[in-house]
Structures are given as C-alpha cells and as structure tokens.
Amino acid sequence: MENHSEDKAKRILEMYTLLRQGKILRKVEMSDNYGVSPRTIQRDIADIQCFLQEQRTVTGSIQEVIFDKKEGGYLLSASQNRHQYQGQSLSEREILVVCRILLGSRALMKEELFPIIQRMIAVCSDVGKVFGVKKILQNGMREYTEPEHNRKLIDLLWNLEQAVKGRRYIEIRYHALEEDGQAAWKVRPMQVMFLESKFYLVAAILGDSKLSGDERKGDRKNGGEPVVYQVDRIEECVVSE
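Residues numbered from 1 in each chain as written. Predicted model: local features only at pLDDT ≥ 70, side-chain atom pairs only at ≥ 80, totals over all residues. Heavy atoms only, no water.

### What about the overall build of the protein?
Line of reasoning, step 1. Check the secondary structure of the protein and you find eight helices and seven strands.
Line of reasoning, step 2. Relative to its 241 residues, the protein shows a buried fraction of 37%.
Line of reasoning, step 3. Contacts in the protein between residues at least 24 apart in sequence constitute 64% of all its contacts with a sequence separation of at least 6.
Line of reasoning, step 4. As displayed, the protein has an accessible area near 15000 Å², and 49% of this comes from carbon and sulfur atoms. (Helix = DSSP H or I, 4+ residues; strand = E, 2+ residues; numbered from the N terminus. Buried < 20%, exposed > 50% of the residue type's maximum accessible area, 1.4 Å probe, protein only. Contact = heavy atoms within 4.5 Å. Areas by Shrake-Rupley, 256 points an atom, 1.4 Å probe, with all protein chains shown as cover.)

Written out as structure tokens, the structure is:
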C-alpha cells in the first residue's frame with residue numbers, strides 16, 4: 001500500500017509539472033506510460049484540479065485543468081502559462097537533430113552531456129513523443145565515445161565566457177605541447193569558439209602570470225597579438241576582479 005501511494009504521488013507530481021509546462025495530457029498515452037488504467041489517470045487529473053481550486057483561495061491564482069476537444073487531451077487553462085512555455089518547447093524532430101549534433105560533437109564527457117540531453121528530451125512539445133525520442137537516442141548514448149582529454153569543461157567555459165562578456169583579464173596555466181611543458185600567462189580573453197570537436201579561447205597575452213608553480217620555458221610576450229588556446233589544455237584559470 002505504501003509503494004502504491006508513493007507511485008501515485010510521483011505520477012501526479014510529474015503530470016502537474018507537464019501541465020505547468022504547457023503540455024497536453026492524453027489519458028491513453030498517460031496510462032500506457034505509467035502502466036495504469038485510463039480511469040486512474042482520470043482520477044489523478046481530478047486530484048490536480050482539486051489542488052488548483054484550493055490554491056485559488058491561497059494565492060489568488062485562477063487556474064484549472066480543462067479538456068481540449070481539438071487536441072484530444074487536458075491542459076492548464078491559464079493562458080499566460082500556456083503561452084510562456086508552449087512557445088519555448090521543441091518538437092521531437094528538433095530535439096532529435098540537436099541531440100544528434102551534441103552526440104556527434106564528442107566535445108563533453110558523459111557526466112556533463114547526458115543530463116543536458118535528458119533535459120532537452122523533457123521539453124518536447126508533445127509529451128507522447130518523449131518516450132519515443134528517448135528510445136531513438138538510446139543507441140547513440142550507449143555507443144558515445146568520450147573525448148580524450150577526460151575533463152569536465154562546462155564550468156570553465158562559463159567562466160571564460162563571463163570574462164569575455166565582462167572584459168576581465170584572466171590568468172591561466174596552460175599545458176601546451178609536451179616539449180613546451182606548462183606556461184602561465186595573464187591574458188585578455190576575446191572570444192570562445194568551437195571547431196572540430198574542441199573548444200578554443202582566443203586571447204591576447206599581456207604578460208607573465210602570478211600563478212604559482214610556473215614551469216614556463218622561455219619568455220613569450222607578443223605585444224597583445226591574439227593567441228588561440230585549446231580550452232581542455234587550460235589547467236587553471238583565475239578571473240581578475
């Protein structure tokens with residue numbers, strides 16, 4: 001009985017979330033997805049409707065679940081929510097194309113890439129197609145080959161983009177070719193770009209970095225001329241205040 005209550009609570013919360021995102025709930029699709037009868041789905045929708053009516057007295061928000069004959073399913077009646085989310089959703093075709101591009105880029109580790117793909121699938125405009133999109137992408141995710149650098153990059157890329165946007169100097173320790181070892185520089189970031197499965201930073205060298213442990217060989221100052229750095233070889237990055 002306890003597991004049954006937990007399953008019901010989870011199911012109702014997921015359905016309510018889908019409604020809030022402006023998606024349409026069809027009883028047959030929902031019953032197939034959750035492995036329950038259409039009558040059970042109908043009761044779940046009634047529970048959500050009761051909850052919304054109770055919230056009306058608390059928050060003053062006027063929302064209700066209505067049946068749309070044209071769409072053949074239930075949706076949230078508040079037009080502001082419908083327009084806010086439905087216009088931002090993607091079709092299953094768009095999601096498939098974008099996810100294929102992401103998988104084919106081989107730019108990120110699975111730990112960073114797969115959660116992005118899962119969240120993209122979740123915003124599919126047609127909730128009935130979500131499970132189908134997941135199934136189509138399963139093979140690509142199973143056979144995905146991670147990049148050789150074996151590093152998580154999203155946080156570093158974000159910091160670099162913010163430095164470019166804020167026109168801030170950064171100090172980096174960069175692992176160049178084996179014969180050059182590591183070098184530490186103070187640079188002015190100009191652009192982050194993606195090319196042939198790798199991210200690059202275009203920056204102008206301003207002088208020596210203050211980063212400790214500098215194993216730089218030689219003195220490389222180029223008078224502020226742009227230099228291209230491979231982001232996955234940036235061992236350390238400190239954004240100047």
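### Quick look at the pattern of salt bridges
Line of reasoning, step 1. Taken as a whole and judged by the stated rule, the model has six salt bridges.
Line of reasoning, step 2. Among the salt bridges present, the one from glutamate 111 reaches lysine 152, with a minimum N-O distance of 3.4 Å. Residue glutamate 111 is located in helix α6 (residues 110-122), and its partner lysine 152 is located in the loop between α7 (127-142) and α8 (154-166); the two are separated by 41 residues in the primary sequence.
Line of reasoning, step 3. Here glutamate 111 falls in the exposed class, since its relative accessible area comes to 56%.
Line of reasoning, step 4. Three or more residues are tied together by salt bridges with common partners; here these are Arg26, Glu29 and Glu71. (Salt bridge = Lys/Arg side-chain N within 4 Å of Asp/Glu carboxyl O.)

### A short note on the layout of surface pockets
Line of reasoning, step 1. Its volume calculated, the largest pocket comes out at about 280 Å³.
Line of reasoning, step 2. The wall of the largest pocket is formed by twelve residues, among which Glu14, Leu18, Tyr34, Val130 and Phe131 lie closest to the centre.
Line of reasoning, step 3. Residue assignment for the lining of the largest pocket shows that the elements contributing at least two residues are α1 (2-20), α2 (27-34) and α7.
Line of reasoning, step 4. No other element matches the four residues that α7 contributes to the lining of the largest pocket.
Line of reasoning, step 5. Taken together, the residues of the lining of the largest pocket break down into seven nonpolar, three polar and two charged. (1 Å grid on protein atoms, 1.4 Å probe; cavity = no way out; pocket = protein on both sides within 12 Å on 5 of 7 lines; lining within 4 Å. Points joined across faces, edges and corners; volume = space filled by probe spheres on them. Nonpolar A, V, L, I, M, F, W, Y, C, P; charged D, E, K, R; others polar.)

### A closer look at the packing of aromatic side chains
Each aromatic ring pair is described using two quantities: the centre-to-centre distance and the angle formed by the ring planes.
Line of reasoning, step 1. Evaluation of the coordinates by the stated rule reveals five aromatic pairs.
Line of reasoning, step 2. Seen in terms of ring centroids, tyrosine 16 and phenylalanine 51 are 5.6 Å apart; in terms of plane orientation they differ by 85 degrees. Their pairing is edge-to-face. Pair noted here: tyrosine 16 is in helix α1 and phenylalanine 51 is in helix α3 (residues 38-59), with a separation of 35 residues, a long-range link.
Line of reasoning, step 3. Ring geometry for phenylalanine 67 against tyrosine 74: centres 5.1 Å apart, planes inclined by 65 degrees, an arrangement best described as edge-to-face. (Phe/Tyr/Trp six-rings, centres within 6.5 Å; stacked < 30°, edge-to-face > 60°.)

### Details of the nonpolar core
Line of reasoning, step 1. By size, the foremost hydrophobic cluster in this structure holds 38 residues, and its most contacted members are Leu103, Ile117, Leu137, Leu160, Leu201, Tyr229 and Val231.
Line of reasoning, step 2. Every element with two or more residues in this core is listed here: α5 (92-105), α6, α7, α8, β3 (170-175), β4 (182-195), β5 (198-208) and β6 (226-230).
Line of reasoning, step 3. Counting residues per element, this core draws most heavily on α6, at five residues.
Line of reasoning, step 4. If we ignore the near neighbours within four places in the chain, the residues touching tyrosine 229 are Ile172, Tyr174, Trp185, Val187, Phe199, Tyr200, Leu201, Ala203 and Ile205.
Line of reasoning, step 5. Listed in part, the 13 residues of the second largest apolar core include Ile12, Leu18, Val65 and Tyr74. (Core = buried A, V, L, I, M, F, W, Y, C linked by side-chain atoms within 4.5 Å.)

### Some remarks on the environment of glutamate 146
Line of reasoning, step 1. The residue glutamate 146 is located in the loop between α7 and α8 in this model.
Line of reasoning, step 2. C-alpha of glutamate 146 to C-alpha of leucine 108: the two residues are 38 residues apart in sequence and 6.8 Å apart in space.
Line of reasoning, step 3. Those residues in contact with glutamate 146 that lie beyond four places of it in its chain are Arg106, Met109, Lys110 and Glu111.
Line of reasoning, step 4. One polar contact links the side chain of glutamate 146 to the main-chain amide nitrogen of lysine 110, over a distance of 2.8 Å. (Polar contact = N/O pair within 3.5 Å; in protein donor to acceptor, adjacent residues only side chain to side chain.)

### Examining the confidence of the model for the protein
Line of reasoning, step 1. Summarising the model, the protein shows a mean pLDDT of 81, and 79% of its residues fall at 70 or more.
Line of reasoning, step 2. Every residue in residues 79-87 scores below 50 in pLDDT, and together they form 15 contacts with partners more than four places removed in sequence or on other chains.
Line of reasoning, step 3. Low pLDDT, under 50, characterises residues 215-219; the predicted model gives this stretch eleven contacts beyond four residues in sequence or across chains. (pLDDT = per-residue confidence, 0-100.)

### Focus: α8
Line of reasoning, step 1. The first and last C-alpha atoms of α8 sit 18 Å apart over 13 residues, in line with the 18 Å expected at 1.5 Å per residue.
Line of reasoning, step 2. Turning to α8, its buried residues are Leu156, Leu157, Leu160 and Ala163. Each buried residue of α8 sits inside an arc of 125 degrees when the element is viewed along its axis, so together they form one side. The exposed residues of α8 that point more than 90 degrees off its buried face are Asp155, Trp158 and Lys165.
Line of reasoning, step 3. Of the residues flanking the end of α8, it is arginine 167, one or two places downstream, whose phi is positive at about 55 degrees. (Expected span 1.5 Å × (residues − 1). Arc of directions from axis to C-beta.)

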